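# Coordinates in review
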Amino acid sequence: MAASDRVVLGPLVGSIDQGTSSTRFLVFNAKTAELLSHHQVEIKQKFPKEGWVEQDPKEILQSVYECVEKTCEKLNQLSIDITNIKAVGVSNQRETTVVWDKTTGEPLYNAIVWLDLRTQPTVERLLKIIPGQNKSFFKTKTGLPLSTYFSAVKLRWLLDNVEEIKQAVRDGRAMFGTIDSWLIWSLTGGKNGGVHCTDVTNASRTMLFNIHSLKWDSELCHFFDVPMEILPKVRSSSEIYGLMKSGALTGVPISGCLGDQSAALVGQMCFKDGQAKNTYGTGCFLLCNTGQKPVLSEHGLLTTVAYKLGRDKPVCYALEGSVAIAGAVVRWLRDNLGIVKSSSEVEKLAAEVGTSYGCYFVPAFSGLYAPYWEPSARGIICGLTQFTNKNHIAFAALEAVCFQTREILDAMNKDCGIPLSELQVDGGMTNNKILMQLQADILCIQVVKPSMPETTALGAAMAAGAAEGVGVWSLNPGDLTAVTWERFEPQINPEESEYRYGRWKKAVMKSMGWEISEPQANGN
């Protein structure tokens, strides 16, 4: 590429996309939204006990440094000048909880991942002191039910069970944050002046944040017995938080921050009231923009902050349906059962049979999330016969992702009153064409996939590039790049779709009530 061509590219924006299963760094052209280069590193998940899910915060941070350096090397090989990278955005797995020592910069315990279930006894203990044991008691302030999913109960568990954290809190050395906070603090200097902040979207997933006042709530902090001095400062999703302090991008501002699902909503350009997207990652997350007013769900959905794209810009809200296990079921087939060697093989197995042959798979490995919020559920595969083989189970696993999406779409249609006529999709699993066709068949509506599926990273890049003081990315509707789509139309009749969905619901009922917190004597 000649030097004159480099200039044509204009300003670039980098995006750190730190997900549950991997970390990526991607670089986009701010004028065309074209993805120029990226690098990805898989993250280890640790399962020290049944129901426990942890990650090493230092491994996560190291993976970010590695992805940034490797992507910059790739850009240099393409003769693209990395000094054109004018800003970096951060998108992250939400709710995952880290506590670290601000004097040493070291984590005081592994990160407790959003999927983790160890806090079920904590939830039950807290429920006993809530009037009427109502798990929706804090919904008016937080938009969330009391659940193992959100950060406050994970933080409560750490404060109760980890001596190093108790001592660090007493000494005034402890800092709490979700993954975005841990990364931004570390990347902007860490123990040498790192910026301890989060954005409104991530804060809204802690259960300590008032989604109306957009502030940490002293009553909630008192209820969970969380010292407010360990919390990060809450900022908008698009402003300069600080500068990168090491590596190839030293001096570049970090100026965008969105929880991954909010980032995908922005990346899919769902800026209008009523626009929705579904992201297929480790879990499955359907978000519908409800504009500047928070809508409280009557059907098991969460009310969450969608974005606030600037200090002086209005906050927008979303209704969200969260499914814990989507891509994770494919990883489970690969790593736990060993019936496939790679995730892409699942599509091949499913395609060979084209049916589950009456087999239904409810992957409630972490209980059931929306719309049930049933922590006692566990995974089941039912409807097995001697004819069933691994192909049918692979097909049933893909179908499970689609049925779970149907359940949250039904809930959303009831809450919004206006049924969606099509579903915008993104995330790693959307490369699976069998899955996308199944999804259209089971929803009985069109499924539309953007030709550039990296919408989560794109959303964080847009927020970073549009920030005041950076200003290289315009979010005016007329300036946004036209997106090309791939469309999947329903190909089965609605009666068959309803029949299969009815059987799925029967299977879900059978998955409930498996787990009880207190082990009983004699195995009864």
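Residues numbered from 1 in each chain as written. Predicted model: local features only at pLDDT ≥ 70, side-chain atom pairs only at ≥ 80, totals over all residues. Heavy atoms only, no water.

## Notes on the pattern of salt bridges
Counted according to the given criterion, the structure contains 34 salt bridges. Between Lys293 and Asp273 there is a salt bridge, and its shortest N-O distance comes to 3.6 Å. Of this pair, Lys293 sits in the loop between strand S16 (284-291) and strand S17 (302-307) while Asp273 sits in the loop between helix H10 (260-267) and strand S15 (276-280), placing them 20 residues apart in sequence. Judged by its relative accessible area of 48%, Lys293 falls in the partly exposed class. Asp273 gets classed as exposed once you look at its relative accessible area, which sits at 53%. The partner of Arg331 in a salt bridge is Asp335, and the shortest N-O contact between them spans 3.7 Å. Linking Arg331 with Asp335, this pair stays in helix H11 (residues 327-337), spanning 4 residues, or about one helical turn. Connected through salt bridges with shared partners, the residues Arg94, Glu95, Arg205, Asp260 and Glu320 form a single ionic network. (Salt bridge = Lys/Arg side-chain N within 4 Å of Asp/Glu carboxyl O. Helix = DSSP H or I, 4+ residues; strand = E, 2+ residues; numbered from the N terminus. Buried < 20%, exposed > 50% of the residue type's maximum accessible area, 1.4 Å probe, protein only.)

## Some remarks on the pairing of S17
Burial of S17 is extensive: 6 of the 6 residues sit out of reach of the surface. Where S17 meets strand S18 (residues 316-323), 5 bridges bridge the pair, whose relative direction is antiparallel. The partner of Thr303 across the bridge, within S18, is Leu319. (Pairing = 2+ DSSP bridges.)

## Description of the sheet that holds strand S21 (residues 422-426)
Across the sheet, 7 strands lie side by side as S17-S18-S16-S15-S21-S22-S23; this open sheet has mixed pairing. Both outer strands of the open sheet, S17 and strand S23 (485-488), are each paired with one neighbouring strand and no more. Neighbour-to-neighbour, the strand axes of this sheet turn through a mean angle of 30 degrees, independent of strand direction. Packed onto the sheet, helix H14 (residues 433-443) meets S15, S21, strand S22 (446-450) and S23 and runs at close to 55 degrees relative to S23. (Axes fitted to C-alpha atoms, helices over the stretch in contact; angles between N-to-C directions. Contact = heavy atoms within 4.5 Å.)

## Section: the nonpolar core
Counting 138 residues, the largest nonpolar core has Leu146, Leu208, Phe224, Tyr280 and Trp473 as the members making the most contacts within it. Ranked by the residues each element gives to this core, the list is headed by helix H13 (residues 390-416), at 14 residues. One finds Ile80, Val90, Ile179 and Tyr241 within the second-largest nonpolar core, a separate group that totals 37 residues. (Core = buried A, V, L, I, M, F, W, Y, C linked by side-chain atoms within 4.5 Å.)

## Things to note about the packing of aromatic side chains
Counted according to the given criterion, the structure contains 26 aromatic pairs. Feature note: the residues Trp114, Tyr149, Phe150, Phe285, Tyr369 and Trp373 constitute an aromatic cluster, connected by ring pairs. It is Arg94 that lies over the ring of Phe285; its NZ or CZ is 5.3 Å from the centre. In this structure, Arg118 packs its charged tip against the face of Trp52, placed 3.8 Å from the ring centre. (Phe/Tyr/Trp six-rings, centres within 6.5 Å; stacked < 30°, edge-to-face > 60°. Lys NZ or Arg CZ within 6 Å of the ring centre and 35° of its normal.)

## Thoughts on helix H7 (residues 179-187)
Among the 9 residues in H7, 9 count as buried, and that is most of the element. Among all positions in H7, only Ile179, Asp180, Ser181, Trp182, Leu183, Ile184, Trp185, Ser186 and Leu187 are buried.

## Side note on the sheet that holds strand S14 (residues 253-259)
Two pairing modes exist for strands in a sheet, parallel and antiparallel, and in both the strands are linked by backbone hydrogen bonds. Spatial ordering of the open sheet is given by S3-S2-S1-S5-S14-S13, a layout of 6 strands whose pairing is mixed. Two strands lie at the open edges of the sheet, namely strand S3 (35-42) and strand S13 (238-243), each paired on one side alone. Between one strand and the next, the sheet's axes are offset by a mean angle of 25 degrees, whatever the strand orientation. Here S13 pairs with S14 via 3 bridges, running antiparallel. From the neighbouring strand, Ser238 faces S14, where its bridge partner is Gly256.

## Concerning the confidence of the model for the chain
When pLDDT is averaged along the chain, the result is 91, and 96% of the positions lie at 70 or above. Low confidence marks residues 1-7, where pLDDT is under 50. Its contacts with residues over four positions away, or in another chain, come to 6 contacts. Contacts of residues 518-524 to residues separated by more than four positions or lying in other chains number 0 contacts, the stretch itself having pLDDT below 50. (pLDDT = per-residue confidence, 0-100.)

## What about H10?
In an α-helix there are 3.6 residues to a turn, and that puts residues three or four apart on one side. Counting buried positions over the 8 residues of H10 gives 8, a clear majority of the element. Of the positions making up H10, those classed as buried are Asp260, Gln261, Ser262, Ala263, Ala264, Leu265, Val266 and Gly267.

## Some remarks on the pairing of S21
Summarising burial for S21: 4 of the 5 residues are buried, a large majority. Alignment of S15 against S21, held across 3 bridges, turns out to be parallel. Directly across from Thr279, in S21, lies its bridge partner Asp426. Note that S21 and S22 share 3 bridges and pair parallel.

## Observations concerning the environment of Pro121
By the element assignment, Pro121 lies in helix H3 (residues 120-127). By relative accessible area, which is 43% here, Pro121 ends up partly exposed. Taking C-alpha positions, Pro121 is 20 Å from Val98, a pair spaced 23 residues apart along the chain.

## Quick look at the packing of H13 against H14
Viewed as axis vectors pointing N to C, H13 and H14 meet at an angle of 45 degrees, and their least axial separation amounts to 9 Å. In terms of orientation, H13 lies oblique with respect to H14. Here H13 and H14 pass one another in a crossing that is right-handed. Here Phe395, Leu398, Glu399, Val401, Cys402, Phe403, Thr405, Arg406 and Leu409 of H13 lie close against H14, whose contacting residues are Ile434, Leu435, Leu438, Gln439, Ile442 and Leu443. A class-by-class count of the residues in the contact of H13 with H14 yields 11 nonpolar, 2 polar and 2 charged. (Parallel < 35°, antiparallel > 145°, perpendicular 65-115°, else oblique. Left-handed = near helix turned anticlockwise from the far one by under 90°. Nonpolar A, V, L, I, M, F, W, Y, C, P; charged D, E, K, R; others polar.)

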